[in-house]
Every structure is written in structure tokens, then in C-alpha cells.
Amino acid sequence: MSVTLYHNPACGTSRNTLAMIRQSGEEPVVVDCLTSPPSREKLVALLAAMAMKPRNLLREKGTPYAELGLGDPQWSDGEIVDFTLAHPILSNRPIVETARGTRLCRPSEAVLDLLDHPVATFVKEDGEVVTPRRT
């Protein structure tokens, strides 16, 4: 299975997601979403695959969200995409794309449903133990 992770190495959630993917036996294609953000076409495709509006992907903490006035409903979806492309830090992460689907993996254990062989248990960086749901 091909796995692509849109990753920020400075983000604990993103690091935990990467570790869960690797422990499942997959070596993902890792795209640093800050230094090599997806193209406009790819970002729009990822949003469509997640059935998500661009505004729902925005991150407020540690970003120029407030100074850009992005809480104002005046901005269209296309404009929000433009802001995200101009300021990649605005995009929430990690996003994982697999044959099973595409998802914003917040919390990191959301990735488990996208993997063919998810780990039985995983210990996050903060010590929290994760056990996958059985479906």
C-alpha cells in the first residue's frame, strides 16, 4: 500500500502519526508540508478526498490566522486556499493519504483506520497508550 504523509517534523501529532505508520510496516512518502507544501491542485484534491472545506483545515495556534483576519466569514473557499498556499503553517496536519482514504490525522491515532496492518498498541511521545479500535 502506498502511504503519503503531509508532515511537520516540529509537530508532536505529526511525529506520532509517522511512527505509527512505520510501526505498521509501511514506509511512507513524507512531504514536509512547510518546506514543500502541496500545489494548489493537490491541496484542493486532498480537501475533496477528506470532504473538508478549506476553512476547516485552518490552524490558528502559532500561525498568522488572527493577523490575516481569517476568522472573518468574508473569505471564500478559494481565498482560504490562497492564504494556505501563501502561509503553509496555516494548514493543520498531519494529512495522510492511502488507498483506504485520506484524512487529517488529529488525533494521531486516526491514522490506524487507514493502515492495512495497524499496530496493536502504540505509546505516544507523551506516554499515552493507544490501542486501535476493532471494526
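These lines cover the structure that appears in this document, whether it is placed above or below. (Residues numbered from 1 in each chain as written. Predicted model: local features only at pLDDT ≥ 70, side-chain atom pairs only at ≥ 80, totals over all residues. Heavy atoms only, no water.)

## Quick notes on the packing of aromatic side chains
Consideration 1: Enumeration according to the criterion identifies one aromatic pair in this entry.
Consideration 2: With a centroid separation of 4.9 Å and 80° between ring planes, the pair formed by W75 and F83 is classed as edge-to-face.
Consideration 3: F83 gets classed as buried once you look at its relative accessible area, which sits at 17%. (Phe/Tyr/Trp six-rings, centres within 6.5 Å; stacked < 30°, edge-to-face > 60°. Buried < 20%, exposed > 50% of the residue type's maximum accessible area, 1.4 Å probe, protein only.)

## Overview of the nonpolar core
Consideration 1: I21, V96, C105, V111, L112 and L115 are the most contacted members of the largest nonpolar core, which totals 15 residues.
Consideration 2: Per-element accounting of this core gives the leading share, three residues, to helix α1 (residues 12-23).
Consideration 3: If we ignore the near neighbours within four places in the chain, the residues touching C105 are T13, T17, P94, V96, A110, V111 and L114.
Consideration 4: Counting eleven residues, the second largest nonpolar core, distinct from the first, contains Y6, L57, V81 and I95. (Core = buried A, V, L, I, M, F, W, Y, C linked by side-chain atoms within 4.5 Å. Helix = DSSP H or I, 4+ residues; strand = E, 2+ residues; numbered from the N terminus. Contact = heavy atoms within 4.5 Å.)

## Examining the state of the cysteines
Consideration 1: Under the counting rule described, the total for this entry stands at zero disulfides.
Consideration 2: Cysteine C33 remains unbridged, with the sulfur of C11 as its closest cysteine sulfur at 8.2 Å.
Consideration 3: For C105, which is in no disulfide, the shortest distance to another cysteine sulfur is to C11 and amounts to 11 Å.
Consideration 4: According to the relative accessible area criterion, C105 is buried, its value standing at 0%. (Disulfide = S-S within 2.5 Å.)

## Re α1
Consideration 1: The first and last C-alpha atoms of α1 sit 16 Å apart over twelve residues, in line with the 16 Å expected at 1.5 Å per residue.
Consideration 2: Taken together, the buried positions of α1 are occupied by T13, S14, N16, T17, L18, M20 and I21.
Consideration 3: In this fold, the buried residues of α1 make contact with β1 (4-7), β2 (29-32), β3 (95-98) and β5 (122-123).
Consideration 4: A positive backbone phi angle near 100° is found at G25, which sits one or two residues after α1. (Expected span 1.5 Å × (residues − 1).)

## Some words on unusual backbone geometry
Consideration 1: Residue P94 is bonded to the preceding R93 through a cis peptide linkage, with omega at 0°.
Consideration 2: Residue position: P94 is located in the loop between α3 (77-86) and β3.
Consideration 3: Looking along the chain, the bond that leaves R106 and enters P107 is cis, with omega of 5°.
Consideration 4: Among the structural elements, P107 can be located in the loop between β4 (101-104) and β5.

## Description of the pairing of β2
Consideration 1: As defined by bridge partners, β1 adjoins β2 across four bridges and the pair is classed as parallel. In the sheet register, T4 faces β2, and the bridge partner there is V29.
Consideration 2: Handedness of the crossover joining β1 and β2 through α1: right-handed. (Pairing = 2+ DSSP bridges. Right-handed = clockwise from strand over helix to strand, strands pointing away.)

Read these as layout, nothing more, since geometry by itself doesn't imply function.
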